[in-house]
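Report on the structure
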Number of protein chains: 2
Amino acid sequence: MNKHAIFHITTAPYAYAKDKDTLSLRVRTAKNDMREVKVHYKCRYDWQNPFKEKTMKLFAQTDLFDFYEADVQIEKNRYRYYFEFIDREGNQLYLDERGLQEELIEGPEIPGFQYAYIGEADVYEECKWMQEAVVYQIFPDRFCNGDQSNDPENILAWGEPVTTESMFGGDIQGIIDKLDYLQDLGIDLIYLTPIFKSTSNHKYNTADYYDIDPHFGSVELVKELVKKCHERGIKIIFDAVFNHSGDDFFAFKDLLENQEKSKYKDWYFPEGYPVSTEKVNYYTFANDVSVMPKLNTANPDVKEYFLKVGEYWVKEVGIDGWRLDVCDEVDHEFWRAFRKTIKSVNKEAVIVGEIQHEAVSFLSGDQLDSIMNYPFKWALVDFFAKRKIDEKEFNNLVTMNRVNYMRSITRQLWNLFGSHDTARFLYECDGKVDRMKLAMVFQFCFEGVPYIYYGDEVGMTGGHDPFNRACMIWNEDEQNKDLLQLYKKLIAIRKENKELIYGDYKPLYLEDNVIVFERNDGENSMIIAINNNEEDYVVNKLFKKKTIDLISEEPVSLNK
Amino acid sequence: MNKHAIFHITTAPYAYAKDKDTLSLRVRTAKNDMREVKVHYKCRYDWQNPFKEKTMKLFAQTDLFDFYEADVQIEKNRYRYYFEFIDREGNQLYLDERGLQEELIEGPEIPGFQYAYIGEADVYEECKWMQEAVVYQIFPDRFCNGDQSNDPENILAWGEPVTTESMFGGDIQGIIDKLDYLQDLGIDLIYLTPIFKSTSNHKYNTADYYDIDPHFGSVELVKELVKKCHERGIKIIFDAVFNHSGDDFFAFKDLLENQEKSKYKDWYFPEGYPVSTEKVNYYTFANDVSVMPKLNTANPDVKEYFLKVGEYWVKEVGIDGWRLDVCDEVDHEFWRAFRKTIKSVNKEAVIVGEIQHEAVSFLSGDQLDSIMNYPFKWALVDFFAKRKIDEKEFNNLVTMNRVNYMRSITRQLWNLFGSHDTARFLYECDGKVDRMKLAMVFQFCFEGVPYIYYGDEVGMTGGHDPFNRACMIWNEDEQNKDLLQLYKKLIAIRKENKELIYGDYKPLYLEDNVIVFERNDGENSMIIAINNNEEDYVVNKLFKKKTIDLISEEPVSLNK
Ligand SMILES: [Ca+2]
Ligand SMILES: [Ca+2]
């Protein structure tokens, strides 16, 4: 038995309250090492009865490890438990709080792991509507110009080549005008990059968190947008840029004006006086971005101000949550308070962090509901778009990604293809639409929330900023209708087959750049086969079920 | 290289802010597998410069694993990092967010781990005074009867055999009377089991959280006790019994009286009406302890009430913190709020949970400062008292215990020998004082806070409750003076040699029930040798330093 591989801790995702009456337990072993893994459990105050036992289910496998899972329930939720392993050679070991044991100390003294109590206040409440949703990201200046009267000066003609500075006049009215299009596409949740008053085209340098940029519209118009989204069953969330403000935000302006005497000097991190936007002698987003001075969220006044901003738009305007810009550079304390504030206004509102990396410390239940899942994106880029890793490494990456978090969180991760911060997926594919289609099939059939960056669905391409932020193609002759149809089809398939949302992900075949996997939720099962090669491929393994080609909708045989 | 053994996550204790400018990193490998382990790190926004590198230090070793540690610092605290391993055969591997890599992806694309920012609000502030303290636990009814006028009826004579129900008249005045004794002993922190109004001798069924039990004294007298402790440089903390109240607490009395109509019914967990203390049809501490109905701390009113209690005694009476009864059955949300409340009144006040098991989910910086470290106690019982495990297993247990937590937390753990909830250590030793002395040497020379349960220092013994709660022996003829002297000596040695507090723990020799280990803080070093046998033992390894016998104070040679 491989002792070094065996791992368990009493925190998420290895031990967590699935709900107030269920403890979800995980344990890790070496790959293919075990014949059977069991958990033994009982009430920590039960000195009379023997432990109950439950066989754990293998639910994930990486190149090195197997992950087993079991949900257990006892009255009053005060757990004591230990694990039992029987390897493929019949060797037996136990794991308790003291480590691996060859023999179990019997009697009341078993030093089992303890999950002492499921406190109701600690239970992470999953967000089913988001698990079942498809997200659509809009960069407003580039989506649709619905009102030419509010256009900035010197806008470029729609579809002209973009620069870092260019503006195209897209606005809130444009989004309202295109809600029929979005509803027809089938998406459920719109994420808007910032729309608050700001000088730039991206508006990540906020001047006023309570006002809509006049080139985009007004608070009244935004209320209309939210209302019309809701009428169509579409939810909508905004972008919370609380890591930094714009340099024209009232507090930073006051600092520039009054310097050491400003009562807002502790809202920022001045490195010396006089604070100057030319010298950039203050902490900013990234490196010396003068228009984005970093906010000091450890300051109670700053914290209170931005909690109120967060509350206002949910409570007064009815948005369905927030995407958090540069989330991982703002303290956990702030996000804990933010969660409480937002959920107390609307329990169903969601909080989604921009964290481009593993984010366990934000996703254990007390802060976020989800992140923009960039590790997923990069795995798809490397396998489908660039074909520089093989199917085993790809499976490994997406599996590590899904076992990082509690199950409910994994189902809520925004599995994006790209965003305004990365090259578009089709660009990564070097324009090869067939590669993108295969990646789309994987995206819509995997655990987590499929995510469309505006325009991806009609075949838009473009490298890094600003080229990934081109104007939406509305001219139907220029749209890739084929791609658009596949998106609609995949959205429909996902909505009709809940096993694609709630089912286990189980790879059945991983060879020669071919992936066959099952999604099975206990009631229904779907098997998805993806051939990431140019040539046809025969899977030398029997699949008895009826198979169809997702692209052509023709019956197809996977066997010889 | 043993790939299965290699482990790192971006949360404590594997990655945490040591202070606002220092990131502390750990990585685990297989035991004796590596020749060198390095961390490579730089600013996550630095696309120009190469990574800095730092060799990591082996700081702990269990039977299976080695643990490496390094502190790193960069401007603005926005970290990207990866690890490099070179094993003893010269093989090289890298570990980043995507797993183990044979070759590193060079350039800006390295998918390193990210500790995106050290938020000032998230930094755990260590408690140096507690790291340097020795704790003394008092069970007031059994410590000293300083005022016979407040004695309960039918008290037993001091020193009579105890029963579950017996009372002996010990009180606050008695503790005040014995402060000279405690000061002479050398302890720094008194932990009092509950003293609030309550019918029992242990007072864990609280009737009134704002009043002192009349058999113990008054709020005024307690203020005097706190003042007199502080005058002597002794701190004092009380017992917060917030998991449950007494059945005579006003809220539960109201529930009993008004049943469904009680406005306090959601303060508890009634399982049916009428709620009855005879049927015990409500959730209690442990199993059906009718006088201890469990409180619903998820109820905001309950939360507010008990946060105020916590605040009152720190703010108005000046206690130095709280020990939290049944801490692990109260929700994390409550303790997060509790920490904020207490620290806002007194930053130096401490919060110590009664958690008898591994407690990572409570000790990551946002809740507790310490726990009563029972896993330490059980390891010492098994090795020193019962001699049923060998020196390697013992070393393994105490090492696993110390690597569970951030370094500052490990130094704050209350390394107890026993308490009112367990048999006394001397009882576990079957009365063999020599065994206890060896354990004491280990306790005072290990990482963490030494802890004395009243009377242990004069040779008191006794099995489980109630026998572990006998009256303190004040008759000097009955005290074990030899043991008392050793306690005083060990306390003095610990105070004079800060490497026993801040030094690394490094085992040098583990064979034949003999343990030799070093504590080295970079400036000073002490080597401690413990022979857990009846016979003399010659350590077949050279120790060049001067050695003395701690017990006899005679020079002694450890070499042949
Ligand atoms: Ca416009
Ligand atoms: Ca008395």
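About the criteria used
Each chain carries its own residue numbering, running from 1 in the direction its sequence is written. Chains carry letters from A onward and ligands carry numbers from 1 onward, assigned in written order. Predicted model: local features are reported for residues with pLDDT of at least 70 only, side-chain atom pairs are reported and counted for 80 or more only, and whole-chain, interface and lining totals are derived from all residues. Only hydrogens and water are set aside; all other atoms, that is, all heavy atoms of the structure, feed into the side-chain values. Residue ranges assigned to the domains are those given by an automatic or database domain assignment. A pairing counts as a salt bridge when a side-chain nitrogen of Lys or Arg comes within 4 Å of a carboxyl oxygen of Asp or Glu. By definition, any uninterrupted DSSP run of H or I lasting at least four residues is a helix, any uninterrupted run of E lasting at least two residues is a strand, and each is numbered from the N terminus. As a rule, N, O and S atoms within 2.8 Å of a metal are its donors, except that Na, K and Ca use 3.2 Å; water is not among the atoms, so sites may look incomplete. In short, tetrahedral needs four donors with all angles between 85 and 135 degrees, square planar needs four and octahedral six donors with opposite donors over 155 degrees apart and all other angles between 65 and 115, and whatever is left is irregular. Relative accessibility under 20% of the residue-type maximum defines a buried residue, over 50% an exposed one, and the middle range a partly exposed one, all with a 1.4 Å probe and only protein chains included. Throughout, a contact is declared for two residues whenever any of their heavy atoms are within 4.5 Å. Once two parts are put together, the accessible area they lose, assessed with a 1.4 Å probe and summed over both, is termed the buried area. We call two N or O atoms a polar contact when they sit within 3.5 Å, provided that within protein one can donate a hydrogen and the other can accept it, with sequence-adjacent residues counted only if both atoms are side-chain atoms. Alignment of copies: least-squares fit on C-alpha atoms of residues with pLDDT of at least 70 in both copies. At least two DSSP bridges between two strands are required for those strands to pair. In this analysis the probe radius is 1.4 Å and the grid spacing 1 Å, with only protein atoms considered; a cavity is a set of points the probe fits into but cannot get out of, a pocket is an open set with protein on both sides within 12 Å along at least five of seven lines, and lining residues have an atom within 4 Å of a point. Grid points are joined across faces, edges and corners, and a volume is the space filled by probe spheres set on the points. Residues are sorted three ways: Asp, Glu, Lys and Arg are charged, Ala, Val, Leu, Ile, Met, Phe, Trp, Tyr, Cys and Pro are nonpolar, and all the rest, Gly among them, are polar.

Attention now goes to the domain arrangement of chain A. Parsing chain A into structural domains produces domain 1 (3-122) and domain 2 (244-296). A C-alpha centroid distance of 51 Å is found between domain 1 of chain A and domain 2 of chain A.

Before going further, it helps to spend a moment on the pattern of salt bridges. Per the stated rule, a full pass over the model turns up 84 salt bridges over all chains. Residue aspartate 382 of chain B is joined to arginine 98 of chain A by a salt bridge in which the shortest nitrogen-to-oxygen separation is 2.7 Å. Of this pair, aspartate 382 of chain B sits in helix α8 (residues 374-385) while arginine 98 of chain A sits in the loop between β8 (92-96) and β9 (99-101), on two different chains. One connected set of salt bridges, linked through shared partners, spans Glu333, Arg336, Lys340 and Asp366 of chain A together with Glu333, Arg336, Lys340 and Asp366 of chain B.

With that out of the way, let us pick up the coordination of the calcium ion (ligand 1). Residue and element names in this part refer to chain A. At this site the calcium ion (ligand 1) is bound by Asn145 (OD1), Asp147 (O), Asn150 (OD1), Asp151 (OD), Gly169 (O) and Asp171 (OD), with donor distances of 2.2 to 2.5 Å. Each of the 6 donor atoms around the calcium ion (ligand 1) contributes to a set of angles spanning 63 to 166 degrees, which defines the coordination as irregular. Donor residues binding the calcium ion (ligand 1) come from one chain and are separated in sequence as N-x1-D-x2-N-D-x17-G-x1-D. On the basis of relative accessible area, asparagine 150 is assigned to the buried category, the value being 11%.

This part covers the interface of chain B and chain A. If you look at the interface, chain B gives 55 residues, while chain A gives 55 residues. For chain B, the biggest contributors to the area lost against chain A are His4, Arg98 and Tyr117 of chain B; these three give 15% of the whole. There are 12 salt bridges connecting chain B and chain A. Glutamate 271 of chain B serves as the salt-bridge partner of lysine 76 of chain A, at 3.7 Å between the closest nitrogen and oxygen. The tally of links from chain B across to chain A stands at 38 residue pairs in polar contact (both at pLDDT 80 or more).

Residue and element names in this part refer to chain A. Within the secondary structure, glutamate 126 sits in the loop between β10 (113-115) and α1 (128-131). For the pair glutamate 126 and phenylalanine 242, spaced 116 residues apart in the sequence, the C-alpha separation amounts to 25 Å. Within the structure, glutamate 126 has its side chain in polar contact with the side chain of glutamine 131 (distance 3.1 Å).

Let us look at the relation of the copies chain B and chain A. The transformation that overlays chain B on chain A combines an axial shift of 0.0 Å with a rotation of 180 degrees, and the residual RMSD is 0.0 Å. This pairing of chains is accounted for by a two-fold axis. Comparing interface residues between copies, 100% of those in chain B also lie at the interface in chain A; the contact surface is shared.

Turning next to the pairing of strand β5 (residues 57-61) of chain A. Across 4 bridges, β5 of chain A lies against strand β6 (residues 65-72) of chain A in antiparallel orientation. By the bridge assignment, lysine 57 of chain A is partnered in β6 of chain A with glutamate 69 of chain A.

Once that is clear, we can look at the coordination of the calcium ion (ligand 2). Residue and element names in this part refer to chain B. Bound to the calcium ion (ligand 2) on the protein side are Asn145 (OD1), Asp147 (O), Asn150 (OD1), Asp151 (OD), Gly169 (O) and Asp171 (OD), at distances that span 2.3 to 2.5 Å. Coordination geometry of the calcium ion (ligand 2): the 6 donor atoms subtend angles of 64 to 167 degrees at the metal centre, consistent with an arrangement described as irregular. All donors of the calcium ion (ligand 2) belong to a single chain; written as a sequence motif, their spacing is N-x1-D-x2-N-D-x17-G-x1-D. Of this pair, asparagine 150 sits in the loop between β11 (135-138) and α2 (172-177) while glycine 169 sits in the loop between β11 and α2, and the two are 19 residues apart along the sequence.

Before going further, it helps to spend a moment on empty space enclosed by the protein. Tallied over the full model, the rule gives 5 cavities of 30 Å³ or more. Size it by volume and the largest cavity reaches roughly 210 Å³. Ala116 of chain A together with Asp328, His332, Ser361 and Phe362 of chain B are, among the 21 residues lining the largest cavity, the residues nearest its centre. Across the lining of the largest cavity, the residue classes break down as 10 nonpolar, 6 polar and 5 charged. By volume, the second largest cavity amounts to about 70 Å³. Lining the second largest cavity, in full, are Phe269, Lys294, Leu295, Asn296, Thr297, Ala298, Glu329 and Asp331 of chain A together with Tyr117, Gly119 and Glu120 of chain B.

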